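Listed here are the chains, written in short residue letters.
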Amino acid sequence: MQLVFSIVNKMNNLDEKEMNLISTASNPRQNSCYEKDEKRSLIWPPPPARPKFNPRLNLGVMASGNGSNFEALVKAIQNSELDAYISILVVNNPNCEARRRAKRLGVPCVIHDHREFSSREELDEALVKTFTNHAVEGVVMAGWMRIVTPILIAAFPNRLLNIHPSLLPSFRGLDAVGQALKARVPISGCSVHLVTPQVDDGPVLAQAAVPVLSSDDHQSLSKRIQRMEHQLLPLSVAIAGQNWRNAGQN
Ligand code: GRF
């Protein structure tokens, strides 16, 4: 994260033509089209330099499974890379790893088990209630494996974010990594976008490009994309947070 911020700050001083290919893994000045650094990645747009929010952003997070993106947000906050706090994590699976991470990291967690609701709408009403009770400013879907309805979306207009493991609009929906491998694309990546009623379709806030290596299988590509997700998500929340605060000034 530290590395990304410093590289991204350097990137801010370059003009766009010089920006043909900027690596998050190596010094941009050393880039050449013959360089043998096949794992380099690109995050775009460059985020603002560690924006301060007064008061800090109050976030809600939703997760269904492993929760590594949730933890990446917590770590970015702990490292003062994201000026925010997470007032509540909502999980829909009582046994998920995200819940265990929340306990370890000291983040309050509540379970809204989708099996206990008679419809998607009812579940989303419960989510809105929880997030409203915690007065969150924005909500991050960090691996939420349920389709959300206009009830949740309308409660947080332009304030509901999702992370998806592809360069949207390519490979929406399930198993985006598998779709990318099947399509034999040379570059895939991840996107953070605002949530709209169409699945994986809202305006993109930021993306990270990740090369697909000829040696890649599902596991190796997923792993490299996830590594970039963990950098992209906190940066995207910072970008979104600036938008929220700027909108509040108008
Ligand atoms: C991520 O790959 C994200 O893009 C997708 O679900 C996955 C969640 O991973 N929406 P984790 O639970 O954060 O580890």
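Residues numbered from 1 in each chain as written. Predicted model: local features only at pLDDT ≥ 70, side-chain atom pairs only at ≥ 80, totals over all residues.

Undergrad: Could you give an account of the sheet that holds strand β4 (residues 109-111), with specific residues and numbers?
TA: On the basis of which strands lie adjacent, the open sheet formed by eight strands has the order β1-β8-β7-β6-β5-β2-β3-β4 and mixed pairing. Each edge of the sheet is formed by a strand with only one pairing partner; in this case those strands are β1 (42-44) and β4. Strand after strand, the sheet turns through a mean of 20° between neighbouring axes, direction not considered. Bridge count between strand β7 (residues 187-194) and strand β8 (residues 204-211): seven bridges; the pairing is antiparallel. If you follow Val-192 over to β8, its bridge partner there is Ala-206. Against the sheet, helix α4 (residues 120-133) touches β2 (57-63), β3 (84-91), β4 and β5 (138-141), its axis set at about 155° to β3. (Pairing = 2+ DSSP bridges. Helix = DSSP H or I, 4+ residues; strand = E, 2+ residues; numbered from the N terminus. Axes fitted to C-alpha atoms, helices over the stretch in contact; angles between N-to-C directions. Contact = placed C-beta atoms within 7 Å.)

Undergrad: Break down the confidence of the model for the protein chain for me, with residues and values.
TA: Mean pLDDT over the protein chain stands at 88; residues scoring 70 or higher make up 83%. In the predicted structure, residues 1-31 sits below a pLDDT of 50 and forms 43 contacts with residues beyond four places in sequence or in another chain. (pLDDT = per-residue confidence, 0-100.)

Undergrad: Lay out the site of the ligand in plain terms, naming residues and giving numbers.
TA: For the ligand, the set of nearby residues contains 14 residues, the closest of which are Asn-66, Ser-68, Asn-69, Gly-143 and Pro-165. Residue assignment for the shell around the ligand shows that the elements contributing at least two residues are α2 (68-78), β6 (160-164) and α7 (218-249). Along the lines of polarity and charge, the residues of the shell around the ligand split into five nonpolar, eight polar and one charged. (Near = placed C-beta within 6 Å. Nonpolar A, V, L, I, M, F, W, Y, C, P; charged D, E, K, R; others polar.)

Undergrad: Residues and numbers for the pairing of β3, please.
TA: The buried fraction of β3 amounts to six of the eight residues, a majority that puts the element mostly inside the structure. Pairing of β2 with β3 involves seven bridges; the strand directions are parallel. Each residue of the ladder has a partner; that of Met-62, found in β3, is Val-90. One crossover worth recording links β2 to the parallel β3 by way of α2, and it is right-handed. Between β3 and its parallel partner β4, the chain crosses via helix α3 (residues 97-105), and the hand of that crossover is right-handed. (Buried ≥ 20, exposed ≤ 12 C-beta atoms within 10 Å, placed from the backbone. Right-handed = clockwise from strand over helix to strand, strands pointing away.)

Undergrad: Describe the pairing of β8, and please don't skip the residues or the numbers.
TA: Note: β1 against β8, three bridges, orientation antiparallel. In the sheet register, Trp-44 faces β8, and the bridge partner there is Gln-207.

Undergrad: A description of the environment of Glu-137 should follow, citing residues and the corresponding values.
TA: Position of Glu-137 relative to the elements: it lies in the loop between α4 and β5. Aside from chain neighbours lying at most four places away, what touches Glu-137 is Leu-57, Asn-58, Arg-159 and Trp-244.

Undergrad: So what's going on with the nonpolar core? Which residues, and what values?
TA: Ranked by size, the top nonpolar core spans 60 residues in total, and within it Val-61, Ala-63, Leu-73, Leu-89, Ala-142 and Val-237 carry the most contacts. In terms of residues, this core owes the most to one element, α7, which gives nine residues. In this structure, Leu-89 is in contact with Val-61, Ala-63, Phe-70, Ala-98, Ala-102, Val-107 and Cys-109, ignoring residues within four places of it in sequence. (Core = buried A, V, L, I, M, F, W, Y, C linked by C-beta atoms within 7 Å.)

Undergrad: Talk me through helix α6 (residues 176-183); I want residue IDs and the actual numbers.
TA: Among all positions in α6, only Ala-176, Val-177 and Ala-180 are buried. Across the axial projection of α6, the buried residues extend over an arc of 105°, all falling on one side. Looking one or two residues beyond α6, the residue adopting positive phi is Arg-184, at roughly 55°. (Arc of directions from axis to C-beta.)

Undergrad: Tell me about the packing of α2 against α3, and name the residues and values.
TA: Where α2 contacts α3, the two axes come as close as 9 Å, and the packing angle between them is 20°. The angle between α2 and α3 falls in the class roughly parallel. Note on packing geometry: the crossing formed by α2 with α3 is right-handed. On α3, the residues touching Phe-70, Glu-71 and Val-74 of α2 are Ala-98, Arg-101 and Leu-105. For the contact of α2 with α3, a count of residues per class yields four nonpolar, no polar and two charged. (Parallel < 35°, antiparallel > 145°, perpendicular 65-115°, else oblique. Left-handed = near helix turned anticlockwise from the far one by under 90°.)

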